[in-house]
Amino acid sequence: MKTLVVFYSYSENGDTEKIARRLAEAVEGDIERLELVTPYPDDYDAVVELSKKEVESGATPAIRALKHNPADYDMIAVGTPTWWYSMAPAVLTFLKSTDLGGKTVLPFTTHGGQTGHTVDDIRKNAVGAKVLSGHKFRLDAYGAESHATPDEDIEKWLDAVKNFAGV
Ligand SMILES: Cc1cc2nc3c(=O)[nH]c(=O)nc-3n(C[C@H](O)[C@H](O)[C@H](O)COP(=O)(O)O)c2cc1C
C-alpha cells in the first residue's frame, strides 16, 4: 500500500511530528505537514483561547495547498495533537476538503492525558473512507508519575502498520 502521512503539529519537531516521521519511515511513505495560511499568534495563552473557540465551533481555518496529492495514495495516516478533546482545526480542514472515498485512513493522536473524542471525530469526518482503529500516544509526561507511552508500544504499532501496509 502506498501511504501518505498527513499531520499537524503545533511546535517544530512536536510530538505529532515525531510519530509522523517514524511512521512515514516505517511504511516507506510520504509525509505532509499541514500548515495554516494564518499561523497562530506567538502568545501561547492566545493560542489556547483561540483554539478552544475554533474546536468548539468546528472551525476550518484555511490551510496551505498540499505538496502531495492524497488521490495518489491507498492509505492516508492522519495525525493530530489532541486539542480540546478533539483534533486540531487544521486537521478538520484537511478532512473536510479532501476526497477520502475508497481510501484507508489511519488515525493517530498525541495528547496530554485526555483524548476525549479525537479519534471518533476523525472517523466521522473521513467520509467514504475505511477508517482503521486509532492510536493514542503520550510523549509529554515526565517524572516518577509518568504515564508516557513506552517506546516499545510505539514500535509495536509501527510493526503492525508495516505488516498491514505490506512493507
Ligand atoms: C491548545 C491546546 C489544547 C490541548 N488540549 C488537550 C486536550 O484536550 N487533551 C489532552 O490530553 N491534551 C491536550 N493538549 C496537549 C497536547 O495534545 C499534547 O501536548 C500533544 O502531544 C502536542 O502535540 P504537538 O507537539 O504535535 O503539537 C493541548 C495542547 C494545546 C496546545
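Structure shown above.
First things first, this report covers the structure right here in the doc. (Residues numbered from 1 in each chain as written. Predicted model: local features only at pLDDT ≥ 70, side-chain atom pairs only at ≥ 80, totals over all residues. Heavy atoms only, no water.)

### Focus on the packing of aromatic side chains
Right, on to step 1. Within the structure shown, the criterion is met by 6 aromatic pairs.
Right, on to step 2. On the basis of an interplanar angle of 85 degrees and a centroid distance of 5.8 Å, the ring pair of Tyr-8 and Trp-83 is categorised as edge-to-face. You can see Tyr-8 sitting in the loop between strand 1 (3-7) and helix 1 (15-26) and its partner Trp-83 sitting in strand 3 (residues 75-83), a full 75 residues away along the chain. Residue Tyr-8 shares its accessibility class with Trp-83, and that shared class is buried.
Right, on to step 3. The lysine or arginine in question, Lys-2, covers the ring of Tyr-73, its NZ or CZ lying 4.7 Å from the ring centre.
Right, on to step 4. We note Lys-52 situated over the ring of Trp-84; from NZ or CZ to the ring centre the distance is 5.6 Å. (Phe/Tyr/Trp six-rings, centres within 6.5 Å; stacked < 30°, edge-to-face > 60°. Helix = DSSP H or I, 4+ residues; strand = E, 2+ residues; numbered from the N terminus. Buried < 20%, exposed > 50% of the residue type's maximum accessible area, 1.4 Å probe, protein only. Lys NZ or Arg CZ within 6 Å of the ring centre and 35° of its normal.)

### Brief notes about the pattern of salt bridges
Right, on to step 1. Taken as a whole and assessed by the stated rule, the structure comprises 9 salt bridges.
Right, on to step 2. Between Asp-151 and Arg-22 there is a salt bridge, and its shortest N-O distance comes to 2.9 Å. Remark: Arg-22 occurs in helix 1 and Asp-151 occurs in helix 5 (residues 151-165); sequence separation between them is 129 residues.
Right, on to step 3. Note on Asp-151: relative accessible area 42%, which makes it partly exposed. (Salt bridge = Lys/Arg side-chain N within 4 Å of Asp/Glu carboxyl O.)

### Observations concerning helix 3 (residues 89-97)
Right, on to step 1. Counting buried positions over the 9 residues of helix 3 gives 7, a clear majority of the element.
Right, on to step 2. Within helix 3 the residues assigned to the buried category are Pro-89, Ala-90, Val-91, Leu-92, Thr-93, Phe-94 and Leu-95.
Right, on to step 3. Where helix 3 is buried, its residues meet strand 1, helix 2 (44-57), strand 3, strand 4 (86-87) and helix 4 (118-125). (Contact = heavy atoms within 4.5 Å.)

### Quick word on the side chain of Lys-103
Right, on to step 1. Here Lys-103 is to be found in the loop between helix 3 and strand 5 (104-110).
Right, on to step 2. Buried and without a salt bridge, Lys-103 has Asp-74 as its closest oppositely charged side chain, separated by 6.0 Å.
Right, on to step 3. In terms of polar contacts, Lys-103 uses its side chain to reach the backbone carbonyl oxygen of Ala-71, at 3.0 Å.
Right, on to step 4. Here Lys-103 is in contact with Pro-70, Ala-71, Tyr-73, Asp-74, Ile-76, Ala-129 and Lys-130, once residues within four sequence places are set aside. (Lys, Arg positive; Asp, Glu negative; His and termini not counted. Polar contact = N/O pair within 3.5 Å; in protein donor to acceptor, adjacent residues only side chain to side chain.)

### Notes on the environment of Leu-50
Right, on to step 1. Looking at the element boundaries, Leu-50 is found in helix 2.
Right, on to step 2. Look at Leu-50 and you get partly exposed, because its relative accessible area is 35%.
Right, on to step 3. Spatially, the C-alpha atom of Leu-50 lies 20 Å from that of Thr-16, the residues being 34 residues apart in sequence.

### Considerations on the site of the ligand
Right, on to step 1. Taken together, 19 residues form the shell around the ligand, and within it Ser-9, Asp-15, Thr-16, Thr-82 and Gln-114 come nearest.
Right, on to step 2. The separation between an oxygen atom of the ligand and a polar main-chain atom of Tyr-85 is 2.8 Å.
Right, on to step 3. Between the ligand and Gly-112 there is a distance of 2.8 Å, counted from an oxygen atom to a backbone nitrogen or oxygen.
Right, on to step 4. Elements with a contribution of two residues or more to the shell around the ligand: helix 1, helix 2 and strand 3.
Right, on to step 5. If one sorts the elements of the shell around the ligand by residue count, strand 3 sits on top with 3 residues. (Near = heavy atom within 4 Å.)

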